[in-house]
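So the chains spell out like this:
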Amino acid sequence: MKRIELEIVALSHSITQTHSYAVVLGEINGLRRLPIVIGAFEAQAIAVALEKMQPSRPLTHDLMKNFLQAFNIELHEIIICDLQEGIFFSKLICSSANDTIEIDSRTSDALALAVRFGCPIYTYENILENAGILMDETGSEQGKKAEEESFEESSEPAADENLKNLTLEELNQLLNEVLENEDYIKAITIRDEINSRKKK
């Protein structure tokens, strides 16, 4: 199965879901983006590492990195390896002097560790095809599906009710507008409403 290397290109705050963020992964040497919804704590863990901040005490992912290094275990890469019902699944590829192993991980934790170790992030072509958003060469998105990693927060009921009052044409127009503003969380909610109507 063909692997695609990704990099973190954005960490955006949700204006529709309290305490939710979208980490946006971009295809290296490509135009596709993979937005994944994460919680506030996970977003903070990624942001701290991206900004190279030094907390006074180690955060959980810093502790994990220190633990692995203390036992001479190296994190080589992470792979976003599966997508089931909107939930992304990931693996950490680690090695010691004697062995190489794969460890299951939440995608948000895997990304927080990847930033700390400076290791590459991969996914498979079929996941990017099904869950990616295609950018054109001018930098705006075109219609592709954007799946989210499931998290405990849900979209605000009022926002969902407003979407139900819109026609399919209005929803598609709104989807294009929020994608231009890079509000991936709202885009996911609108996309889900469009998909639920198509199934009826």
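This report concerns the structure included in the present document.

Thresholds, definitions, all that
- Residues numbered from 1 in each chain as written.
- Predicted model: local features only at pLDDT ≥ 70, side-chain atom pairs only at ≥ 80, totals over all residues.
- Heavy atoms only, no water.
- Pairing = 2+ DSSP bridges.
- Helix = DSSP H or I, 4+ residues; strand = E, 2+ residues; numbered from the N terminus.
- Salt bridge = Lys/Arg side-chain N within 4 Å of Asp/Glu carboxyl O.
- Buried < 20%, exposed > 50% of the residue type's maximum accessible area, 1.4 Å probe, protein only.
- Arc of directions from axis to C-beta.

### Regarding the pairing of strand β1 (residues 3–13)
- Bridge count for β1 against strand β7 (residues 121–124) is four bridges, and the pairing is antiparallel. Opposite Ile-4, over in β7, you have Thr-123 as the bridge partner.
- In the sheet, β1 pairs with strand β2 (residues 20–27) via seven bridges, with the strands oriented antiparallel. Among the inter-strand pairings, Leu-11 is bridged to a residue of β2, identified as Val-23.

### Quick look at the pattern of salt bridges
- Inspection of the entire model under this criterion finds 10 salt bridges.
- In this structure, the salt-bridge partner of Glu-125 is Arg-32, at a minimum N-O distance of 2.8 Å. In this pair, Glu-125 is assigned in helix α4 (residues 125–131) and Arg-32 in strand β3 (residues 32–39), connecting sequence segments 93 residues apart.
- Note on Glu-125: relative accessible area 25%, which makes it partly exposed.
- The buried category is assigned to Arg-32, whose relative accessible area is 11%.
- In this structure, Asp-104 and Lys-91 form a salt bridge, with 3.0 Å as the shortest nitrogen-oxygen distance. Taken as a pair, Asp-104 in strand β6 (residues 100–106) and Lys-91 in strand β5 (residues 87–95) lie far apart in primary sequence, 13 residues in all.
- Through salt bridges with shared partners, one network takes in Glu-27, Arg-32, Glu-125 and Glu-129.

### Let's talk about helix α2 (residues 60–70)
- Residues of α2 that are buried: His-61, Asp-62 and Leu-68. Seen end-on, α2 carries its buried residues on one side only, within an arc spanning 125 degrees. Within α2, the exposed residues directed more than 90 degrees away from the buried face are Thr-60, Leu-63 and Ala-70.
- Following α2 by one or two positions, Asn-72 adopts a phi angle in the positive range, close to 55 degrees.

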